[in-house]
Structure formats: structure tokens, C-alpha cells
Amino acid sequence: MSCPASHGARLAIAAALFLLALPQGTCAQESGDVWTERLAPARPLYGKADTVTLIAIGDIMLHSRQMEYPFGPFLEGISGRLREADIAVGNMEFTLGGEPYSGYPAFSAPDSYAEYAAGQGINVFLTANNHILDKGATGLERTLSVYREMEEEGKVRYTGSASGPEDREKRYPLFVCRKGISVAILNFTYGTNVPGNAASWPKVNRMEREDILQAIGKAELAGADFIVAFPHWGAEYGLKHGKSQEDMAKWLVAQGVDAVIGSHPHVVQDSARIDGKPVFYSIGNAVSNMSAANTQLELAVKLRFVRTENGDTGLLDPEVTYLWCSLPGRFRENYATIAVEDQIGRRAEWKSPYDHDKMMETYRRVREVTGVRDNIENKIAR
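None of these values were measured; they are calculated from a predicted model.

The rules behind each value
- All residue numbers refer to position in the chain's written sequence, counted from 1.
- Selection of residues for local features in this predicted model requires a pLDDT of at least 70, selection of side-chain atom pairs for listing and counting requires 80 or more, and totals for whole chains, interfaces and linings are taken over all residues.
- Side-chain calculation: all heavy atoms of the structure are included, whereas hydrogens and water are not.
- Each helix is a run of DSSP H or I of at least 4 residues and each strand a run of E of at least 2, with the numbering of both proceeding from the N terminus.
- Only protein chains enter the accessibility calculation, which uses a 1.4 Å probe; a residue is then buried when its area is under 20% of its type maximum, exposed when over 50%, and partly exposed in between.
- By the convention used here, residues are in contact when the closest approach between their heavy atoms is within 4.5 Å.
- The accessible surface values rely on the Shrake-Rupley method and a 1.4 Å probe; as for residues, cover is taken only from the protein chains in view.
- To define a nonpolar core, start from buried Ala, Val, Leu, Ile, Met, Phe, Trp, Tyr and Cys residues and group those joined through side-chain atoms within 4.5 Å.
- By this rule the span expected of a helix is its residue count minus one, scaled by 1.5 Å.
- Each direction from the helix axis to a C-beta atom contributes to the arc, which is the arc of those directions.
- Two strands are counted as paired when DSSP detects at least two bridges linking them.
- To obtain an axis, a line is fitted to C-alpha atoms, over the contacting stretch when the element is a helix, and the angle between two such axes runs from 0 to 180 degrees between their N-to-C directions.
- Roughly parallel here means an angle under 35 degrees, roughly antiparallel means over 145, roughly perpendicular means 65 to 115, and every remaining angle is called oblique.
- Throughout, a crossing is termed right-handed when the near helix is turned clockwise from the far one, and left-handed when it is turned anticlockwise from it by less than a right angle.
- Think of a salt bridge as a Lys or Arg side-chain nitrogen and an Asp or Glu carboxyl oxygen that are within 4 Å of each other.
- Note on aromatic contacts: the rings of Phe and Tyr and the six-membered ring of Trp form a pair at centre separations within 6.5 Å, being stacked when their planes are under 30 degrees apart, edge-to-face when over 60 apart, and tilted otherwise.
- As a reminder, the over-ring test applies to NZ of lysine and CZ of arginine, requiring each to be within 6 Å of the ring centre and within 35 degrees of the ring normal.

Caption draft 1: Spotlight on the overall build of the protein chain. The helix and strand tally for the protein chain stands at 8 helices and 17 strands. Expressed as a percentage of the 382 residues in the protein chain, the buried residues total 58%. Long-range contacts, defined here as pairs at least 24 residues apart, represent 70% of the contacts in the protein chain between residues at least 6 apart. Entry remark: accessible area of the protein chain is about 15100 Å², with carbon and sulfur atoms responsible for 50%.

Below, the structure is given as C-alpha cells:
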């Protein structure tokens, strides 16, 4: 889809002027890599058609029991999918608050967990979630300092929180440029479990319309081809979205957002099209120790942004892959997030075939209740 017509001819001039004021790290440098292409020169008037893929997975968590195992296998089963995408997004639902490390209810993971996630192919970290202030402002600042160092090393970008006004300016929205296509990423949360001081830094992006509207305006002014919102919202464990989620989704689309991918409920929720734009109310967890009903089933959502030879842009239909987070002793000896479609007909290979049965039963039920369809019906033995 092209930029909304209401943005009009002002975008070309505004984008050129905006480049003069872009802070470092928002695609303003010219090293030519995925993170630092300039917005306007990256989009030629004519050239070969191209596609940029964005894959999003849900809540990456680290409960206390997970710390008893090596991280290696956690995301290994989906790392190929993550690495194949141009942009791979994950919700980092923990702090890097330092020792002593802790799980729920106040998460503090070792720094190596973030390094591990990046090594599996995730290159955009989302930090606006209800657990990001679990260790207070000090824990958030330490988390951001680790992410800044990783960013300086070219491993990841991050958004959702910022250490100060200048830092927030370049992260809200976060501009990611690839193959001449620019994507503006918005990440915000309904709140945090530990309240933050609204008058001091660091700050977490809140689900406040005035702030969101300002970020959308910056994306439009910069000439971003697409705007994708990642809200942290909704009631936990419900397979259907709530009215407040729908109201916010409608408002986001009306302001020019091209796709919405939500998190927080820890389960897959229903999806919709609002004025033709895809909305996934919740894609569930990515990896965790949770085992309550429906919490082990999750989604990977792939968005495909295209640019034609004459420079027109569009968003193809999203693709979804159902994932399953198997606990130790079920699929393997460790935690393992795997694609359901890869395990069709392989029940006998599981350490606990019962867990394979649970996966398939949950998959069928959630798919039926939510209406979120993938493309593996023909593979399933009925």
C-alpha cells in the first residue's frame, strides 16, 4: 500500500528537510547497512522490484526454571525463519537488572540472554511491556545500556524505552531501512507493574494517543513507506480481543498505521482487517515456562513489504506460522520453540508423545476460536 493520500505531496519535500535534523542512529548515516541507510536516497525513482520481510514473535521470557537450562535450544527451532527475514522483531519481556537474577514476578535476566536472542536472528528488540520496570529505573537504565552497546556493535536495534529526550527522539518511532524500503516501528505499553516517575528518565513509551500521534507524524514527515505498531495491551489469557484493543486499533489505522501486532495476553488472540490493514491482537509468547491452557501456542507473523519497479509500495497479505513452546522432557530435554507445521506426523519422535497430542489439540482449538488460519490444514492427519 502506498502512503495515505492525505499525506500528499508534502512528503517528498518534508523528507528531504527532515534528513537534515535526523539524529544519529535513525537511518541518517551512510555506512550502507540495514540500519543506517538514509531514508530518501534509499528509495530510487526507478529500479528493480524488491520485497522486505518482517517477522514478529511474541513474549521472550525467562522464568526461574528456564535459568536451570542452557539457552541454546530455546529458539533454535525457529532461528532459520528469524534469520531469513530482513527484520526480526521480538518482545523482550524482562530486564537486564544485574545479579541476583530472578524470574517472575520481577524479571532480571543475565546479559547473555539478550546476546543469545540476537544470535538467533532477532534484530529489533521491543522494550515497552509491563515487566520492563521490574527492577525500577536503575534496572531499566542498565537494560538500555546493554542494548546500546549491542546496537553500537551492529547486533540489534531497540525501541519502546529511552534513557533521555535525545535517545527517545531517535527511537520513537524507530526507523529501519532495508533494500530501499523504510519501516517505522512504534512500540508502547498500557502500563508497567512497577510505576515509573513520569517526570524523570529513563522512560517507557505509554499507550497515550498524543505521544503516539506525534510518533506517527514523525514517521510521515520522514517519508517512511510503512508504519507498524506493536502495542502491549489487552486482558491476559483471553482468546478474544477486548473493546479497548479494538478501539485503539481502529484509531491507529485511522492515523495511518499499516499493520498492528500486539502482545501481553500470553495467548493467541483473534485477528482482523480494519480498513484493509492487518491487526493481530495478540501473538502470544515466544518462549517461557508457562503451561496454562493455550499459553504454549503462539504465532510468528510475517509481513511482506514490496516496492515495484516504478517505486510504488504495497503490503502483501500476512503469513502466519503457529509455534509451540515445549517444556523440558516433552519434545527434547530442554525448552524448545518449534513450528507446529514442522511436527505434523512426527509424534513418535517426541520424548513425550502426549505433549505432541496436547500441541495438536491446542492448535485446533485456538485456530477454531480465533479464526487465525495458517496453511497446513492439508498436512494434518484427521
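Caption draft 2: Looking closely at the environment of Ile-212. With respect to the helices, strands and loops of the structure, Ile-212 is situated in helix H6 (residues 209-221). Taking the C-alpha atoms as reference points, Ile-212 and Ala-229, 17 residues apart in sequence, are found 9.5 Å from one another. With residues up to four places along the chain from it excluded, the contact list for Ile-212 reads Tyr-172, Leu-186, Phe-188, Arg-206, Met-207, Trp-251 and Leu-252.

Caption draft 3: Seen up close, unusual backbone geometry. The omega torsion across Glu-99 and Pro-100 is -5°, close enough to zero to call that bond cis. Of note, Pro-100 is situated in the loop between strand E2 (87-92) and helix H3 (111-119). With an omega dihedral of 10°, the bond running from Tyr-172 to Pro-173 counts as a cis peptide bond. The residue Pro-173 is located in the loop between helix H5 (165-171) and strand E6 (174-178) in this model. In this structure, Asp-275 is a non-glycine residue whose phi angle is positive, near 50°. Inspection of the secondary structure puts Asp-275 in the loop between strand E11 (271-274) and strand E12 (277-280).

Caption draft 4: Here's a closer look at the nonpolar core. Within the largest apolar cluster, 44 residues are counted, with the highest numbers of intra-cluster contacts made by Ile-57, Ile-60, Phe-74, Phe-94, Tyr-113, Phe-125 and Tyr-147. Broken down by secondary-structure element, the contributors of at least two residues to this core are strand E1 (50-60), E2, H3, helix H4 (136-152), strand E13 (285-287) and strand E16 (319-326). The contact partners of Tyr-113, leaving out residues within four places of it in the chain, are Ile-60, Met-61, Leu-62, Gln-66, Phe-71, Phe-74, Phe-94 and Val-287.

Caption draft 5: Inspection of H4 at higher detail. The end-to-end C-alpha distance of H4 is 24 Å, a good match for the 24 Å that 17 residues give at a rise of 1.5 Å each. Every buried residue belonging to H4 is among Gly-136, Gly-139, Leu-140, Thr-143, Leu-144, Val-146, Tyr-147, Met-150 and Glu-151, and all of these are buried. The buried residues of H4 occupy an angular sector of 155° when projected down its axis, which confines them to one face. Those residues of H4 that are exposed and aimed more than 90 degrees away from the buried face are Thr-138 and Glu-152. Just beyond H4, the residue with positive phi is Gly-154, at close to 80°.

Caption draft 6: Geometry of the sheet that holds E11. Pairing within the open sheet is mixed, and its 6 strands lie in the order E6-E7-E9-E10-E12-E11. Every interior strand has two partners, whereas the edge strands, E6 and E11, have only one. In this sheet, neighbouring strand axes are inclined to one another by 20° on average, regardless of whether the strands run parallel or antiparallel. In the sheet, strand E10 (residues 259-261) pairs with E12 via 2 bridges, with the strands oriented parallel. Bridge pairing in E12 links Val-260 to Val-279.

Caption draft 7: Representation of the packing of H6 against helix H7 (residues 243-254) within the structure. At a closest axis distance of 11 Å, the pairing of H6 and H7 adopts a crossing angle of 30°. As far as their axial angle goes, H7 and H6 are roughly parallel. Considering only the axes of H6 and H7, their crossing is right-handed. Residue-level inspection shows Arg-209, Ile-212 and Leu-213 of H6 in contact with H7, the latter providing Asp-247, Met-248, Trp-251 and Leu-252.

Caption draft 8: Representation of the pattern of salt bridges. In total, this model carries 25 salt bridges according to the counting rule given. In this structure, Asp-211 and Arg-168 form a salt bridge, with 3.7 Å as the shortest nitrogen-oxygen distance. Highlighted residues: Asp-211 in helix H6 and Arg-168 in helix H5, separated in sequence by 43 residues. Put simply, Glu-151, Arg-157, Asp-167 and Arg-171 are held in one network by salt bridges that share partners.

Caption draft 9: Representation of the packing of aromatic side chains. A complete count under the given rule lists 16 aromatic pairs for this structure. Ring geometry for Phe-71 and Tyr-116: centres 6.1 Å apart, planes at 50°, overall tilted. Within this pair, whereas Phe-71 is found in the loop between E1 and helix H2 (79-84), its partner Tyr-116 is found in helix H3, the two being separated by 45 residues in sequence. Look at Tyr-322 and Tyr-363: their rings are 5.1 Å apart centre to centre, the planes differ by 85°, and that puts the pair in the edge-to-face class. Taken together, the residues span a long stretch of sequence, with Tyr-322 in strand E16 and Tyr-363 in helix H8 (residues 353-370) at a distance of 41 residues. Overall, the relative accessible area of 1% leaves Tyr-322 in the buried class. An aromatic cluster of three or more residues is present, and its members are Tyr-69, Phe-71, Phe-74, Phe-94, Tyr-113, Tyr-116 and Tyr-335. When the ring centre of Tyr-158 is taken as reference, the NZ or CZ atom of Arg-171 above it lies at 3.7 Å.

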